[in-house]
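Chain and residue survey
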Amino acid sequence: MKITRDEYADAIGTVIRAGAASYGSGHSPLDDASFDLLVSLIQAYEEAYPEHTDPASPPGRATGGAAFLSR
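The shown structure was predicted, so the numbers you read here are calculated from the model rather than taken from an experiment.

**Let's talk about the nonpolar core**
- Ranked by size, the top nonpolar core spans 13 residues in total, and within it I3, Y8, V15, L30, F35, L38 and I42 carry the most contacts.
- If you list the elements that add at least two residues to this core, you get helix 1 (5–24) and helix 2 (32–48).
- The greatest single-element share of this core, amounting to six residues, is contributed by helix 2.

What follows is the structure, given as structure tokens:
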């Protein structure tokens, strides 16, 4: 499944918010499968378009990305 640049940006925001909610209140708005799917779509987009990689992207961050991926 391919996503557009706008969908990529939306996915990053959704993953960041879900991760913050999960680690904050303990309740994520996304189930694990949905979270993992979004992270994999973000990673696939970044592999296909490295020049578009957003520094806020959880999988692309040198610090903090592992926390999102190991959720």
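**A look at the packing of aromatic side chains**
- Inspection of the entire model under this criterion finds two aromatic pairs.
- On the basis of an interplanar angle of 20° and a centroid distance of 4.4 Å, the ring pair of Y8 and Y45 is categorised as stacked. Of this pair, Y8 sits in helix 1 while Y45 sits in helix 2, placing them 37 residues apart in sequence. Y45 shares its class with Y8; the two are buried.
- Ring centres of Y45 and Y49 lie 4.8 Å apart, and the angle between their planes is 40°; on these two criteria the pair is classed as tilted.
- Under the relative-accessibility criterion, Y45 is labelled buried at 5%.
- On the basis of relative accessible area, Y49 is assigned to the partly exposed category, the value being 36%.
- An aromatic cluster is built from Y8, Y45 and Y49, whose rings are joined through pairwise contacts.

**A word on the environment of A56**
- Tracing the sequence through the fold places A56 in the loop between helix 2 and helix 3 (65–69).
- Note on A56: relative accessible area 33%, which makes it partly exposed.
- Each C-alpha atom, one on A56 and one on G13, is 8.8 Å from the other, the two residues being 43 residues apart in sequence.

**Let's talk about helix 2**
- Given a rise of 1.5 Å per residue, 17 residues ought to cover 24 Å, and the 24 Å separating the end C-alpha atoms of helix 2 matches this to within 8%.
- What helix 2 keeps buried is the set F35, L38, V39, L41, I42, Y45 and E46. The buried residues of helix 2 all sit within an arc of 160° when viewed along its axis, so they share a single face. Across from the buried face of helix 2, at angles greater than 90 degrees, the exposed residues are A33, E47 and A48.
- N-capping of helix 2 is provided by D31, with a side-chain oxygen placed 3.2 Å from the backbone N of A33.

**Here's the deal with the environment of I16**
- Mapped onto the elements, I16 comes out in helix 1.
- In sequence terms I16 and P58 are 42 residues apart; their C-alpha atoms lie 7.0 Å from each other.

Rules of the game
- Residues numbered from 1 in each chain as written.
- Predicted model: local features only at pLDDT ≥ 70, side-chain atom pairs only at ≥ 80, totals over all residues.
- Heavy atoms only, no water.
- Core = buried A, V, L, I, M, F, W, Y, C linked by side-chain atoms within 4.5 Å.
- Buried < 20%, exposed > 50% of the residue type's maximum accessible area, 1.4 Å probe, protein only.
- Helix = DSSP H or I, 4+ residues; strand = E, 2+ residues; numbered from the N terminus.
- Phe/Tyr/Trp six-rings, centres within 6.5 Å; stacked < 30°, edge-to-face > 60°.
- Expected span 1.5 Å × (residues − 1).
- Arc of directions from axis to C-beta.
- Polar contact = N/O pair within 3.5 Å; in protein donor to acceptor, adjacent residues only side chain to side chain.

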